[in-house]
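# Structural description and commentary
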Amino acid sequence: MSQDVAASGRMEIRDLSITYRKPKSDEIFTAVDRVSLTIEKGSFVTIVGSSGCGKSTLLLAMAGLIPRAAGSITLGGAEVTKPGPDRAMVFQDASLLPWRTVHGNVRFALELQRWKRDDIDERALRYVRMVGLAAFADYHPHQLSGGMRQRVNIARALCVDPDVLLMDEPFGALDAQTREVMCDELLRIWERDKKTAIFVTHAIDEAIFLGDRVVVMGRNPGHVREVIEIDLPRPRTSAMLDSPAFVAYRRQLREYIAADLLALQMVEALV
Amino acid sequence: MTALTSTAPVARIHREPFFKRHHRPIVSTLSVLCFLLLWEVAAMQGWVNARFTSQPTQVYKAALVIFAKDDFAWHCGVSFVSFALGFAMALAVSIPLGLYLGVSRRGRLFIEPPLMALYTAPRIVLLPILIVWLGIGLGSKVAIVFLGAVFPIMVNTMAGVRGADHRLLTAARAFGATRMDIFLKVLVPGSLPAILMGVRLGVGRGVLSVVVGEMFVSEAGIGHQIMTYGQAMQFNNLLVYAFTISLFGYGLTVAVRMLEDRIRSWRPSA
Amino acid sequence: MIALIRRRPAPFCALISFAVILLVWQMAVDFGFVKAFFISSPSRVAFELVRQAKSGELLTNLSVTLYEFIVGLVFAVVIGGFLGLMASWSETIQHILDPFIWFKYSSPTIAFYPMFVAWLGLGEPTIIVMAFLFAVTPIYANTLSGIKNTDPDLIRAAVAFGARRHDLFFKVSLPGSAPLLIAGLRLAVGRALTGVVAAELFGAAAGLGFSMSYYGQKLRTTEMMASLVVIMILGVIFTQGLGALEARVDRWRTGPVR
């Protein structure tokens, strides 16, 4: 029974391959090559890797936004083929509708998923409050800072009550200090409902700080190199950044990624 | 080292079918052909009165007759001269003025309002006044072409100068450039694309102006012919002249566009 | 007061500019530099406008011109907007319409005026058609462009939340294209006015353009100037008014990013 409950939120990826046809040519480029992953319900998984390793592509496939060439993705036993209310995506670009207020933007997701009219207003407001923007509910995106816009983005994703939260380098466009603040904020919000979260980043520290597990991806073609369990207690604090455990994880991840880059350079030297 | 092969079935390598790749020109050409065919057939079958609508074949025959006659070249020449003179004057005035307004905030504050008032008002309506001032000959035509072309060129020149990349300006200043240096070596070349776009727009307006002017009152020129044939209900002849001026305007616009593209290729970034 | 002028100098400078022009105009005539016959003078034009207002002539001309303008514009918006929507929805339709739009851009529409006169006679219908033809192109082009060029990030986000085609259209593309639509409307308004006035110059029984032509034949400069001033004021009001609307709508696109 508990196994059923766990299985209901579990995402299983088996032998997933995603290919693109290169524009203006007939070549096929393999972005993701036979990736297999299991993501347990309620876990926070970060995916890290150098550029071009297919981590964003993998995430988009989980969201159902791009087709796959082979393999399968299932969530709670059901196959993932297109976007659905069980998954919500947070893009690097906040993609907020400029003509709607903060409140209106959060409502947008609820409207699209056909929630009951009477509930939408109130529910949206609740999530606006949750991300700490209660005072800015009637502001328009152009009046907000980058960090604030991403908070709206997160509120929008959470309010539709997805089973899985997919985040594609959401803090990538923010400056270093804001990133740190947002990481704390994200974990604070996440701790409330402990939704399954999959977070793509190229910042190693972020990956370790946020995740229960870190999936390291390598490139050419995109594949899973390693999965590292992060054994740091929750809730995470910034003090942990200096702990020996953290430093060890960081070193480990650095090595993996550097090895990847080195291999690439060797190949390019040979070619 | 890395396998581009996969055990799973992968999208086949194939080229898009010919029809899909050339979708755009095929559909567009078919569209035009259908239109011409419909027009011809409708006139032939009497669905529409060919006296009012003419016919592709009639227009073609009329074109042959007209091109053979002497005065076709004469009328084209008259229109061209009016256009060229008016346009040249417009260039001579609008580019310097546009450059000046681009750099001078004070100039803008005082000169822009009446200029904008003139720009947004339909200048065609000035024709009767121009005729009172300059008579029905070359003068008023040149004037109306001038008025038509001068504003797009000036406004775009001004915008080009104002829209200069601030980073270039800062870099120039860091190297100790004087105001004149910056103006001549950074602002003017930098606004060339915008100026050319203004010229292209001005060409369109100028051609339109010469036609309107000649249609309103004139003794010669393409517009005059259009009006004469129009009043005589010889629409086949009218259409020949209408297409001629369209071709001329289009050709000029294409030439300016090519120049614009050439210039744009020199810039590494937008 | 001085502080106000300092902060927002533009309107005051504009006022000064126009005042100077009027002054120079008046003085040029009063002091004999230019003959009044050629350019009239502000005082004469003002009196003439009052006379026309009192006699009802101004109202008649203004209402005729405005009527033709509005009808032509409405047709342009409805038909141009509809075609633009169709073209944005289907590439095939866009490609079918392309050559005709392109032709319209390259040819001087006014050249076809005599044909419309033959079909519809001199007077209102032809004038309305001219206004329509002048105005329809920016509406079509901007509607098509606005919808097609909706920010792809917004589309992607909406799709990620399960938006279907009509959701995308009504909730993202349409509101997102508002700035371009309004810009197109601004252009169309100026063009429609030009179309009406131009057609009235050629053949009309009433209207501001007709007034110009009528008095022009009689070489009555003052009356011509009066009509000219009214037309220019109309053009400025319409274009600037829409320009202000455009600026307001544009605010939420670009704004201070901290």
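Just so you know, these numbers come straight off a predicted model, no measurement behind them. (Residues numbered from 1 in each chain as written. Chains lettered and ligands numbered in written order. Predicted model: local features only at pLDDT ≥ 70, side-chain atom pairs only at ≥ 80, totals over all residues.)

A few words now on the domain arrangement of chain A. Residues and elements named next belong to chain A. You can read the domains of chain A as domain 1 (2-86 + 165-183 + 196-270) and domain 2 (96-161). With centres defined by C-alpha atoms, the gap from domain 1 to domain 2 works out at 27 Å. In this complex, domain 1 contributes nine residues to the contact, which on the side of domain 2 involves seven residues. No other element matches helix α6 (residues 176-193), which puts three residues into the side of domain 1 that touches domain 2. Considering only residue class, the side of domain 1 that touches domain 2 consists of eight nonpolar, one polar and no charged. (Domains from an automatic or database assignment. Contact = placed C-beta atoms within 7 Å. Helix = DSSP H or I, 4+ residues; strand = E, 2+ residues; numbered from the N terminus. Nonpolar A, V, L, I, M, F, W, Y, C, P; charged D, E, K, R; others polar.)

The next subject is the confidence of the model for chain C. Looking at chain C as a whole, its pLDDT mean stands at 88, while 98% of the residues score no less than 70. Here the complex is predicted with pTM 0.82, and the ipTM for its interfaces comes to 0.84. (pLDDT = per-residue confidence, 0-100.)

A word on the pairing of strand β7 (residues 164-168) of chain A. Residue and element names in this part refer to chain A. The buried fraction of β7 is high, at five of five residues. Here β7 shows no split at all, with V164, L166 and D168 on one side and L165 and M167 on the other all buried. Two strands pair when backbone bridges link them, and strand β6 (residues 87-90) and β7 are joined in this way by four bridges, in the parallel orientation. Its bridge partner lying in β7, A88 is registered against L165. In this structure, β7 lies alongside strand β8 (residues 196-201), joined through five bridges in parallel fashion. Following the sheet pairing, V164 is matched in β8 by T196. Between the parallel pair β7 and β8, the chain is carried across by α6, and the sense of this crossover is right-handed. (Buried ≥ 20, exposed ≤ 12 C-beta atoms within 10 Å, placed from the backbone. Pairing = 2+ DSSP bridges. Right-handed = clockwise from strand over helix to strand, strands pointing away.)

On to unusual backbone geometry, then. Omega for the bond connecting R234(A) with P235(A) falls within 30 degrees of zero, at 0°, which places this linkage in the cis form. Looking at the element boundaries, P235(A) is found in the loop between β10 (223-229) and α8 (244-270). Of note in the backbone geometry, S54(B) takes a positive phi value of approximately 60° without being a glycine. If you trace the backbone, S54(B) turns up in the loop between α3 (50-53) and α4 (56-68).

Turning our eyes to something else, we now look at the interface of chain C and chain B. When the parts come together, some accessible area is lost, and that loss is often what is quoted as the size of the interface. Contact residues are listed per partner, giving 44 residues for chain C and 41 residues for chain B. Sorting the residues of the side of chain C that touches chain B by element identifies α2 (9-30), α6 (91-106), α7 (113-120), α11 (178-202), α12 (208-217) and α13 (221-251) of chain C as the ones contributing at least two each. The residue makeup of the side of chain C that touches chain B, split by class, is 30 nonpolar, 13 polar and one charged.

Ranked by size, the top nonpolar core spans 111 residues in total, and within it V211(B), M130(C), A131(C), A135(C) and A192(C) carry the most contacts. For this core, the element with the most residues is α11(C), which contributes 15 residues. Excluding residues that lie within four positions of it along the chain, M130(C) makes contacts with Y113(C), G195(C), V196(C), A198(C) and A199(C). Of all hydrophobic cores here, the second largest spans 84 residues; its members include C53(A), L58(A), L110(A) and W190(A). (Core = buried A, V, L, I, M, F, W, Y, C linked by C-beta atoms within 7 Å.)

Attention now moves to the sheet that holds strand β3 (residues 44-48) of chain A. All names here are of chain A. The six strands lie next to each other as β6-β7-β8-β3-β9-β10, forming an open sheet whose pairing is mixed. Where the open sheet ends on each side, the last strands, each with one partner, are β6 and β10. Shown here is a sheet whose adjacent strand axes are inclined to one another by a mean of 20°, direction ignored. Across six bridges, strand β9 (residues 213-218) lies against β10 in antiparallel orientation. If you follow V216 over to β10, its bridge partner there is E226. Running over the sheet, helix α5 (residues 146-159) touches β6 and β7 and is turned about 175° from β6. (Axes fitted to C-alpha atoms, helices over the stretch in contact; angles between N-to-C directions.)

For the rest of this paragraph, the subject is the packing of helix α5 (residues 57-89) of chain C against α12(C). All names here are of chain C. Interaxial distance between α5 and α12 falls to 7 Å at its minimum, and their mutual angle equals 125°. Relative to α12, the element α5 lies oblique. Mapping the contact onto sequence places N61, L62 and T65 in α5 and L208, G209 and S211 in α12. Its residues placed into classes, the contact of α5 with α12 shows two nonpolar, four polar and no charged. (Parallel < 35°, antiparallel > 145°, perpendicular 65-115°, else oblique.)

Our next topic: the domain arrangement of chain C. When the domains of chain C are assigned, the result is domain 1 (1-34) and domain 2 (40-251). Each of domain 1 of chain C and domain 2 of chain C has a C-alpha centre, and these two points are 31 Å apart.

Residues and elements named next belong to chain A. Across the sheet, four strands lie side by side as β2-β1-β4-β5; this open sheet has antiparallel pairing. Since the sheet does not close on itself, it has two edges, and those belong to β2 (28-39) and β5 (78-79), each with one partner. Bridge analysis of strand β1 (residues 11-21) against β2 gives eight bridges, and the strand direction is antiparallel. Residue pairing for β2: L16 is matched across the bridge by V35.

Turning our eyes to something else, we now look at helix α4 (residues 117-130) of chain A. All names here are of chain A. Taking 1.5 Å per residue, 14 residues should reach 20 Å; α4 reaches 21 Å between its end C-alpha atoms and fits that length. All of the buried residues in α4 are A124, Y127 and V128. The buried residues of α4 occupy an angular sector of 105° when projected down its axis, which confines them to one face. Facing away from the buried surface of α4 by more than 90 degrees, the exposed residues are D118, D119 and E122. Residues of α4 that are buried sit in contact with α3 (102-112) and α5. One or two steps after α4, the chain reaches G132, where phi turns positive at roughly 85°. (Expected span 1.5 Å × (residues − 1). Arc of directions from axis to C-beta.)

Residue and element names in this part refer to chain A. Counting buried positions along β9 yields five of six residues, so the element is predominantly enclosed. Bridge count for β3 against β9 is four bridges, and the pairing is parallel. What sits directly across from I47, in β9, is V215. Where β9 folds back on β10, the antiparallel hairpin that results is connected by four residues, among which N220 adopts a positive phi of roughly 60°.

Residues and elements named next belong to chain A. Mapping P141 onto the fold places it in the loop between α4 and α5. Between the C-alpha atoms of P141 and G211, which are 70 residues apart in sequence, the distance is 29 Å. When residues no more than four places from it in sequence are discounted, the contact partners of P141 are L96, P98 and R149.

Here A232(B) is to be found in the loop between α12 (222-231) and α13 (235-266). As for A232(B) and G139(B), which are separated by 93 residues in sequence, their C-alpha atoms are 27 Å apart.

Residue and element names in this part refer to chain C. Contact geometry of α11 with α12 gives a least axis separation of 7 Å together with a crossing angle of 35°. Crossing handedness for the pair α11 and α12: right-handed. Residues V196, V197, A198, E200 and L201 of α11 form the contact with α12, whose participating residues are L208, G209, F210, M212 and S213. Residue composition of the contact of α11 with α12, by class: seven nonpolar, two polar and one charged. (Left-handed = near helix turned anticlockwise from the far one by under 90°.)

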